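Chain and residue survey
Listed here are the chains, written in short residue letters.
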Amino acid sequence: MEYEIVIGMEIHVELGTKSKIFCSCPTEFGAEENTHTCPVCLGMPGVLPVLNEKVVEYATRAGLALGCEIAHYSKMDRKNYFYPDLPKAYQTSQFDLPICNGGVIEIEVDGIKKDVGITRIHIEEDAGKLLHESVDGTLVDVNRCGVPLIEIVSEPDMSSAEEARAFGEKVRNILEYTGVSDCKMQEGSMRFDVNLSMREKGATVLGTRTEMKNLNSFRALIRAVHYESKRQIIELKKGHVITQETRKWDDTKGTSSSLRSKEEAHDYRYFPEPDLVPIVIEADYIAKIKAALPELPEAKKQRYMDEYKLPEYDAGVLTATGILANFFEEAVGLYNEPKQISNWLMVEIPPLLKEKELCMENISITPLMLTELLKLVKDDTISGTSGKEVLKEMFSTGKNPGDIVKDKGLAQMSDTTELEAIIEKIVAANPKSVEDIGAGSDKAYGFLTGQVMKATKGQANPQVANEIIRAVVAKHLG
């Protein structure tokens, strides 16, 4: 019997506001444990929350960018559950009247395009964080309590790990472009919950689903889907019943384990938050935010293909993140060679980023520095090979390319008088090569070129050197 995977996702995204959702505590990442707290975000008796207006703006912006309808009327609700990192014993979220509804994201995997529906987007507060690595046992850091989130809930429209990744990447890119979140998964700004079930191939009825919580990398997402789908198939083939449950993913071991039975909505005993007024959004407010949306990835990709005549692949890579796209556009504004800039951004820079464990946002190279380097290569001041050496030095030191070329003596030798004198000596010292060329063997030209490059320590301009070599050899052949 053949089975097929059915996947739905819930994506939790921390909004990039300076303060928390219901109080003025800061949201910055990396502060000392339990220092960004107050009675409101800790849920002390008698406190009154006040909704951060910026949260509504960011949620509206995200919803519009993802193709959702914005609700003119929504409300906050209490979601009750008991967990060590939730001091209030309830989470302020949205239940039946979320701020955004509907929406469709088009993904592409192996050249096949597919629509993934968005059920809803709602706003809520984050919980704290359990620290399991302490020698004192499990500790709780409540700095994250009250950090504003949006939760993006998809339809169960994905049928492979690759489609789930494509959906997650597309959502991340769009949200990053809008500026509502930095989407840094390594800092917990974006986390995936995967709802997965198996069914007989061709069936229309969904199987029993499990949920894997808080996957914080695309690598974990892919591995978790592969593992859980195989686990369920094995269970089904044994004749076992899949249990609806929440499972914990261990990325180190590459396995998942049962965490708790999967809750349904009634288990949370939702009821309207009595301390917060409903959220009323006027049509004019929505229109204003929509008009201010930036150019989104798909539109930018098409523009790069039309305006810069880039291949679709190049345009897709360059628009994958707003930071890379901005770097590219600034560089093109300084040096109108989009394809050359694209090649270096896609081929030469990524290995250096990986080696130095850097991201585009924190490299020391600026668009101006890169274009100065490319101009040196284009006008044959340095060779392409030397250009790559200069780029590495720029990454390490932050120096300007011109200074590096000067300090390391990398400028190509293009002075024909100087080169001709060197080549005359080399040709005279290698009469056998001249004889071979006279006999019709062009391979000897390669040998002579190598000797010239050796004599000039690689600084001879290859094109100029080859022209002189042929002229000198022709003269010797008489």
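If you check an unreviewed UniProt entry, the chain appears there as Aspartyl/glutamyl-tRNA(Asn/Gln) amidotransferase subunit B from Acetobacterium bakii. Its UniProt record gives the chain a comment under Subunit (unreviewed entry), which states: "Heterotrimer of A, B and C subunits." Heading Sequence similarities (unreviewed entry) of the UniProt record for the chain holds this comment: "Belongs to the GatB/GatE family. GatB subfamily."

Relative to strand β13 (residues 210-215), strand β12 (residues 190-200) runs antiparallel, the two sharing 4 bridges. The residue bridging Leu 196 from the neighbouring strand is Thr 210, located in β13. Alignment of β13 against strand β14 (residues 245-250), held across 2 bridges, turns out to be parallel. Bridge assignment links Glu 211 to a residue of β14, and that residue is Thr 246. Where the polypeptide runs from β13 across helix α3 (residues 218-237) and back to β14, its parallel neighbour, the crossover connection is left-handed.

Our next topic: the packing of aromatic side chains. Per the stated rule, a full pass over the model turns up 8 aromatic pairs. For the ring pair Tyr 304 and Phe 328, a centre distance of 5.0 Å and an interplane angle of 50 degrees mean the geometry is tilted. Residue Tyr 304 is found in helix α5 (residues 297-307), and its partner Phe 328 is found in helix α7 (residues 322-334); the two are separated by 24 residues along the sequence. Connected via pairs of aromatic rings, a cluster forms that spans Tyr 81, Phe 95, Tyr 268 and Tyr 270. The aromatic ring of Tyr 268 is capped on one face by Lys 79, whose charged end is 4.4 Å from the ring centroid. The lysine or arginine in question, Arg 470, covers the ring of Tyr 445, its NZ or CZ lying 4.0 Å from the ring centre.

Moving on: the side chain of Asp 141. With respect to the element layout, Asp 141 can be found in strand β10 (residues 139-141). One polar contact links the side chain of Asp 141 to the main-chain amide nitrogen of Asn 34, over a distance of 2.9 Å. In terms of polar contacts, Asp 141 uses its side chain to reach the backbone amide nitrogen of Asn 143, at 3.1 Å. Apart from residues lying up to four places away in sequence, Asp 141 is in contact with Glu 33, Asn 34, Gly 128, Lys 129 and Leu 131.

In spatial order, the strands read β5-β4-β16; together these 3 strands make up an open sheet with antiparallel pairing. Of all strands in the sheet, those with a lone pairing partner are β5 (90-93) and β16 (271-272), marking the two edges. When strand β4 (residues 77-80) meets β16, the two strands line up antiparallel, connected through 2 bridges. Across the sheet, the residue bridging to Arg 78 is Phe 271, located in β16.

This part takes up the pattern of salt bridges. Evaluation of the coordinates by the stated rule reveals 33 salt bridges. Here Asp 251 makes a salt bridge to Arg 219, at a shortest N to O gap of 3.3 Å. Separated by 32 residues along the polypeptide, Asp 251 in the loop between β14 and β15 (255-261) and Arg 219 in helix α3 bring together distant segments of the chain. Take Asp 251: its relative accessible area is 29%, and that puts it in the partly exposed class. The salt bridge partner of Arg 223 is Asp 251, with a shortest N-O separation of 3.0 Å. Remark: Asp 251 occurs in the loop between β14 and β15 and Arg 223 occurs in helix α3; sequence separation between them is 28 residues. Connected through shared salt-bridge partners, Glu 295, Lys 300, Arg 303, Glu 307 and Glu 329 make up one network.

Here we come to the pairing of strand β8 (residues 112-125). Here strand β6 (residues 100-101) pairs with β8 via 2 bridges, running antiparallel. The partner of Cys 100 across the bridge, within β8, is Ile 121. As defined by bridge partners, strand β7 (residues 104-109) adjoins β8 across 6 bridges and the pair is classed as antiparallel. Each residue of the ladder has a partner; that of Ile 105, found in β8, is Val 116. Taken together, β7 and the strand that follows it, β8, pair antiparallel across an intervening segment of 2 residues, in which Asp 110 is found at a positive phi of about 55 degrees. Where β8 meets strand β11 (residues 148-154), 7 bridges bridge the pair, whose relative direction is antiparallel. Considered in β11, the bridge of Glu 124 is made with Leu 149.

The subject of this paragraph is the packing of helix α8 (residues 338-356) against helix α10 (residues 384-397). The interhelical angle for the contact between α8 and α10, taken along N-to-C directions, is 40 degrees, at an axis separation of 11 Å. In terms of their interaxial angle, α8 and α10 are classed as oblique. Considering the relative orientation of α8 and α10, their crossing is right-handed. Contact residues: Trp 344, Glu 348, Ile 349, Leu 352, Leu 353 and Lys 356 in α8; Gly 384, Gly 387, Lys 388, Leu 391, Lys 392, Phe 395 and Ser 396 in α10. A class-by-class count of the residues in the contact of α8 with α10 yields 6 nonpolar, 3 polar and 4 charged.

Between its terminal C-alpha atoms helix α2 (residues 161-178) stretches 26 Å, which fits the 26 Å expected from 18 residues at 1.5 Å a residue. Burial within α2 is extensive, with 13 of its 18 residues counted as buried. After α2 finishes, the residue Gly 179 shows a positive phi value of roughly 80 degrees.

Non-glycine residue Asn 34 carries a positive phi angle of around 60 degrees. Here Asn 34 lies in the loop between β1 (3-14) and α1 (53-65). The class of Asn 34 is partly exposed, set by a relative accessible area of 36%.

Membership of the largest hydrophobic core comes to 104 residues, with the highest contact counts inside it found for Met 9, Leu 66, Ile 150, Ile 152, Phe 167, Leu 175 and Leu 345. Per element, the largest residue contribution to this core is 8 residues, and it comes from α2. If you count residues domain by domain, this core takes at least three from each of domain 1 (3-287) and domain 2 (295-408). Those residues within four positions of Ile 152 in sequence are excluded, and the remaining contacts are Met 9, Glu 10, Ile 11, Val 13, Leu 66, Ile 118, Arg 120, Ile 121, Val 171 and Leu 175. Judged by nonpolar contacts, the second largest core, of 17 residues, contains Ile 426, Val 434, Ala 460 and Val 464.

Criteria and thresholds
Residues numbered from 1 in each chain as written. Predicted model: local features only at pLDDT ≥ 70, side-chain atom pairs only at ≥ 80, totals over all residues. Heavy atoms only, no water. UniProt positions renumbered as here; feature names shortened; annotations may be inferred. Pairing = 2+ DSSP bridges. Helix = DSSP H or I, 4+ residues; strand = E, 2+ residues; numbered from the N terminus. Right-handed = clockwise from strand over helix to strand, strands pointing away. Phe/Tyr/Trp six-rings, centres within 6.5 Å; stacked < 30°, edge-to-face > 60°. Lys NZ or Arg CZ within 6 Å of the ring centre and 35° of its normal. Polar contact = N/O pair within 3.5 Å; in protein donor to acceptor, adjacent residues only side chain to side chain. Contact = heavy atoms within 4.5 Å. Salt bridge = Lys/Arg side-chain N within 4 Å of Asp/Glu carboxyl O. Buried < 20%, exposed > 50% of the residue type's maximum accessible area, 1.4 Å probe, protein only. Axes fitted to C-alpha atoms, helices over the stretch in contact; angles between N-to-C directions. Parallel < 35°, antiparallel > 145°, perpendicular 65-115°, else oblique. Left-handed = near helix turned anticlockwise from the far one by under 90°. Nonpolar A, V, L, I, M, F, W, Y, C, P; charged D, E, K, R; others polar. Expected span 1.5 Å × (residues − 1). Core = buried A, V, L, I, M, F, W, Y, C linked by side-chain atoms within 4.5 Å. Domains from an automatic or database assignment.

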